[in-house]
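Given next are the chains, with one letter for each unit.
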Amino acid sequence: MAKKIGILTSGGDAPGLNPVIAGYTKTAIKNGFEVIGFLDGWKGLIEGYYENLTLDRVKEIVQEGGTILGSSRTNPRKEEKGFERIFETLKKLDIYAFAACGGDDTLGVAKELNEKGANVVGVPKTIDNDLEATDQTFGFDTSINIAMDAIDRLRTTARSHHRIFVLELMGRHSGWIALEAGMAGNANAIIIPEFDYPLAELCKLLKKRHEGTRTYSIVVVAEGVSFPEMKEKVEKAGKDSFGNIILANLKVGEFLADEIKERTGLPVRAVTLGHIQRGGPPSAYDRFLGLRYGAKAAELIHTGKFGRMASLQGTNIADVPIEKAVAKRKIVSKELWLLAKSFFG
Ligand code: F6P
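We now turn to the structure provided with this report.

### Some remarks on the overall build of the chain
The helix and strand tally for the chain stands at 13 helices and 11 strands. The C-alpha radius of gyration of the chain comes to 22 Å, within 12% of the 20 Å expected for a compact globule of 345 residues. Overall, the chain is about 75 × 40 × 30 Å in size when its C-alpha atoms are taken along their principal axes. When the 345 residues of the chain are sorted by exposure, 54% land in the buried category. Look at the contacts in the chain between residues 6 or more apart in sequence, and 74% of them connect residues 24 or more apart. With the model as given, the accessible surface of the chain reaches about 15,000 Å², and the carbon-plus-sulfur share is 49%.

Put into structure tokens, the structure is as follows:
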């Protein structure tokens, strides 16, 4: 009888999840496994909700955005008997092993489950690209292209009206999206969580740019940026089940636009790109990367390499211990930040 294995997608979705599911399912079936997908992240594993993944089910999903399995931010540590129920489901459904696709929160749970005896492998997912131990996560490429397109579009209207646009992009702990999309979109200033950029310095730069009358500016800010002036807002923002601040309650882009307006008197508009950065079809790069990550995860199970995560190293897909991915965050280096800063103005 074929061994049964599972897969789940957890946390914020990322373009490329369906290619991962397709790559995983096809490779696993080729290796003689039966495959099921748990629904809505850890929730499906806790509750025992799943669907069968057949070659027919995955044959047309590579080009689709989102995840056919659904996702959630359910944290088993916060659910009553969360881990116990997961082990019950695995036993009841006779699951030999499974793959968890997610960012640091999801992979942290995967690591813990592996330590408790479950046969788990990981796939690095997050549009934020802030996972250590892999050169790039899938979803990031699609999101920076969407963000760059947004900058290009804002530029034409900013130019027509001689306005400043503040564009808030995703990036909770790290500024990869803001930095790369901002540089590619030729933004006039980019502000990221890793490095301080005082409001006074930004306003000085903008005032200088707007000395003439027929000018405009684009300022890109990562959602995770917190200015010292926002202390009170941060305290009131609230936290999700993994203890992350709910950034949608902070609205750093709007805060920044208001501050610029007040300090410079210049015309400013704030735009938050939000979940558009995660929606729609994955880029070719993310489809290719997702398929390879999925196939690697299935191979890791086939060869019994549990507790490991598929990892991009240069152009190769290798594997690393999951704990290496969650030990620390991949943040923007000072060198890159200084390069970006040298193009401001
Ligand atoms: O973790 C990826 C991410 O897209 C972050 O950039 C963002 O802060 C968060 O998810 C948004 O979460 P939610 O989908 O729960 O609003």
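### Description of helix α8 (residues 199-209)
Turning to α8, its buried residues are L199, L202, C203, L205 and L206. All buried residues of α8 lie within an arc of 160 degrees about the axis, which places them on one face of the element. Exposed residues lying more than 90 degrees from the buried face of α8 are A200, K204 and K208. Of the surrounding elements, those touching the buried residues of α8 are β6 (164-169), β7 (189-191), β8 (217-222) and α10 (252-264).

### Overview of helix α5 (residues 104-115)
Because an α-helix packs 3.6 residues into every turn, residues spaced three or four apart end up facing the same way. The terminal C-alpha atoms of α5 lie 16 Å apart, and with 12 residues this matches the ideal 16 Å at 1.5 Å per residue to within 8%. Of the residues making up α5, those classed as buried are D105, T106, L107, G108, V109, A110 and L113.

### Observations concerning the side chain of D128
Mapped onto the elements, D128 comes out in the loop between β5 (120-124) and α6 (140-161). The buried charged residue D128 lacks any salt bridge, with R172 as its nearest oppositely charged partner at 5.4 Å. A distance of 3.5 Å separates a polar atom in the side chain of D128 from the backbone nitrogen of R172. Residue contacts for D128: discarding those within four places in its chain leaves F140, M170, G171, R172, S174, W176 and I177.

Calculation criteria
Residues numbered from 1 in each chain as written. Predicted model: local features only at pLDDT ≥ 70, side-chain atom pairs only at ≥ 80, totals over all residues. Heavy atoms only, no water. Helix = DSSP H or I, 4+ residues; strand = E, 2+ residues; numbered from the N terminus. Rg over C-alpha atoms; globule rule 2.2 N^0.38 Å. Buried < 20%, exposed > 50% of the residue type's maximum accessible area, 1.4 Å probe, protein only. Contact = heavy atoms within 4.5 Å. Areas by Shrake-Rupley, 256 points an atom, 1.4 Å probe, with all protein chains shown as cover. Arc of directions from axis to C-beta. Expected span 1.5 Å × (residues − 1). Lys, Arg positive; Asp, Glu negative; His and termini not counted. Salt bridge = Lys/Arg side-chain N within 4 Å of Asp/Glu carboxyl O. Polar contact = N/O pair within 3.5 Å; in protein donor to acceptor, adjacent residues only side chain to side chain.

Functional significance is not addressed by these values, which are geometric in nature.
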